[in-house]
Amino acid sequence: MEQVDILLSGGIVISMDAAFTLIFDGAVAIRGSEIVAVGEREALTAQYTAHEVVDCSGQYVMPGLVNAHTHVPMTLLRGLADDRRLDVWLMGYMMPTEREFVSPEFCRLGAQLACAEQIRSGITSFADMYYYEAEIAQATADAGMRGVLGQTILKFPAPDADSYEDSLAYARQFIETWRGHPLITPAVAPHAPYSSTEDLLRQSAALAIEYDVPVLIHIAETRQEVDDSLQERDQRVVDYVNSVGLLDAKVLAAHCVHIKISEMHTLREHNCTVAHCPTSNLKLASGIAPVTDMLKFDVTVGIGTDGPASNNDLDMIEEIRLAAILAKTAANDPTALPARQALLMATRQGAEALYLGDVTGSLEPGKLADIVMMDCDGAHNSPRFRRDPNAVYSEIVYASKSTDVAHVMCHGRWLMRDRELLTLDEEALKQRARDYAVKIDVFLAAHEGDIFSKLLAVTQGMERGESFEVQTKAILRDASGLERLLSHPDVQILKMNHYRQYDTYFEFDRAEVGRLRYREDDLLDDKGEAQAVRSRLTLTMPTKENTFHSSVLLSHSRFIAPADRPLRFYREYFQPVAERELQKDRRRWHLHYQGVLFYLNVDQVLRPEAPDTFIEIKSRTWSAMDAENKAYRIQQMLGIMGVPAEDIILTDYLEMEGLPD
Ligand SMILES: [Zn+2]
């Protein structure tokens, strides 16, 4: 008799080996971290004596599941902002909250909570991309799980790095520290092509190749991403990352929702693998990944839950089922992605997707003992038909539940016995997560009510602009008055531009939060054709305005930021109670009057249509004395133009009478 440590005895052994060996009264012998034998119960009990014999009758004994893509610390952000578009969800909620809260402690706690949830779902290996990945590695190793853990690298500042050079340095350090660990494979994770620069992608690939570790990245998740890539560089996303050499590394590409057959061939040629995340893709309405085609063209595809903020759970059983079901509807073919293949993608093929195919993913002698035992005799899984042995795969994929998972072992160590977690204090973790949620609620509640901080959260390079400004506006009835001013000996014209301006004003229920303007400025050439377009957001706070000489206003508190996302984004993010539009033709002069800089606008309001031409004169100011002096000069310029006092207007265009709503 040979001595082993553990003998799993009885039960239906689902090996997921190359022959898809099924043993209906089977056994698995384990010594240390390794599987030494898989076979009939009778044969193995005759051959081995074990320190621990586990009766697995009434259970499936199968490989630990592989979650091919997730962001484990985001358990702490689960359910924070659902039912929104990807960009609003990511840029509007996730990233601002992450900037505020993500810390080493946050990442470790979130990872621990995720490990608890994943073990309960039968997962023993997962691929992760997040910040402070060394903390996640520690949490994962302590929980006894296997992880391919990618340090995120972004082109903009991240919670754990001010620049991508810092992230790369962190990644290098992380790899140095963790490579060779029995459970942890460190990896490099440039977030996505659209959040990377070309140099960042090249350097990430070089680092991964230097240490022979995987690259984890999001690829072609949305149609928009593909459209932007085509517009920017006339290349589809896979073609682009290939052209910069990224695919020379061992790439695990998440999503690949919008890739063509030619891109599948490119992935295959480079032995790159894919993580299919059906729930996340459906929830964010990103689309349905062409999984059937990818498999047809021999691309290795695993299944991932994606992060718990976009799923919202880490339930692999549910994910496998959805992958199988969704592929059928997508292909309009009920034979597409059969149950056995779906389970393969979550076991052996999933392990291959994580570049762990030689150590886990199937129950075979020589592989590591990553094993799950699931009850198979629940009411939802009765009765069992014996005619076709493959029916066990459909039992698991179409009827089993995560709650059927009874015992989980990873690397020969028990992580869960009889549904009790052995490496994590689940109650304590849940309590600490609740404490975080209270803090995040307070932060977001403050942020939600305050347009200024919402604006700050989604813009870069916001400046407090024209904080004090003297200005006047009047009806210009006589064009010769303008000629007179522009040719006046005290006036020196510095430059003149011609614009078409499209303004959308967002109004909010409380006037004190201010009003937000989204302005698209089309700079027109001599022929009136747009030659450059610039979009900006301006938050105008409710102002205390002074008047000078009864015709010049002093206003303050405006915040200006470049608007690099479409109007639709800001509408969904700020959720105004009302919107108003204003469109005008503006000629804008920068001029010196008696050596002092003024801006002179001649405006024709096109929408809502207004019959008059308006003139505005403005200048920045910084003191009461300066404002007084400039107000006096504005008065003089109005005099030169012959504008009578009754034509002076002290309100915004939006508030002017005669302009319809
Ligand atoms: Zn993801």
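Turning our eyes to something else, we now look at the domain arrangement of the chain. Structurally, the chain comprises domain 1 (1-64 + 361-417), domain 2 (65-356) and domain 3 (458-655). At the junction of the two partners, domain 1 supplies 25 residues and domain 2 supplies 30 residues. Counting residues per element, the ones that place at least two in the side of domain 1 that touches domain 2 are β16 (371-375), α15 (391-399), β17 (405-410) and β18 (413-417). By residue class, the composition of the side of domain 1 that touches domain 2 is 14 nonpolar, 8 polar and 3 charged.

A separate point is the packing of helix α5 (residues 164-178) against helix α6 (residues 198-211). Two elements in contact, α5 and α6, have axes whose closest approach is 11 Å; the angle formed by their N-to-C orientations is 10 degrees. Classified by the angle their axes make, α5 and α6 are roughly parallel. Within the contact between the two elements, α5 uses Y164, L168, A171, R172 and I175 and α6 uses L200, Q203, L207 and Y211. Residues belonging to the contact of α5 with α6 are distributed by class as follows: 7 nonpolar, 1 polar and 1 charged.

One way to put it is that helix α2 (residues 86-101) packs onto helix α19 (residues 567-574) with a least axis distance of 10 Å and a crossing angle of 65 degrees. Our pair here, α2 against α19, has a crossing hand that is right-handed. Of the residues in α19, those in contact with D87, V88 and G92 of α2 are F569, E572 and Y573. Of the residues assigned to the contact of α2 with α19, the class counts are 3 nonpolar, 1 polar and 2 charged.

Bringing the sheet that holds strand β6 (residues 48-55) into the picture now. Within a beta sheet, neighbouring strands are joined by backbone hydrogen bonds and run either parallel or antiparallel to one another. Read from one edge to the other, the open sheet built from 4 strands follows the order β5-β4-β1-β6, with strand pairing classed as mixed. Strand pairing shows two members of the sheet lacking a second neighbour, β5 (34-40) and β6, which therefore form its edges. Averaged over all neighbouring strand pairs, the angle between strand axes comes to 25 degrees, with direction disregarded.

Ranked by size, the top nonpolar core spans 170 residues in total, and within it V28, V61, V215, A253, I320, A323 and L354 carry the most contacts. Of all the elements, helix α3 (residues 104-120) adds the most residues to this core, at 9 residues. Apart from the residues lying within four places of it in its own chain, the contact partners of V61 are L8, G11, I12, V13, I14, G26, V28, C56, I371 and M373. One finds L476, L591, I617 and A627 within the second-largest nonpolar core, a separate group that totals 20 residues.

What counts and how
- Residues numbered from 1 in each chain as written.
- Predicted model: local features only at pLDDT ≥ 70, side-chain atom pairs only at ≥ 80, totals over all residues.
- Domains from an automatic or database assignment.
- Contact = placed C-beta atoms within 7 Å.
- Helix = DSSP H or I, 4+ residues; strand = E, 2+ residues; numbered from the N terminus.
- Nonpolar A, V, L, I, M, F, W, Y, C, P; charged D, E, K, R; others polar.
- Axes fitted to C-alpha atoms, helices over the stretch in contact; angles between N-to-C directions.
- Parallel < 35°, antiparallel > 145°, perpendicular 65-115°, else oblique.
- Left-handed = near helix turned anticlockwise from the far one by under 90°.
- Pairing = 2+ DSSP bridges.
- Core = buried A, V, L, I, M, F, W, Y, C linked by C-beta atoms within 7 Å.
- Buried ≥ 20, exposed ≤ 12 C-beta atoms within 10 Å, placed from the backbone.

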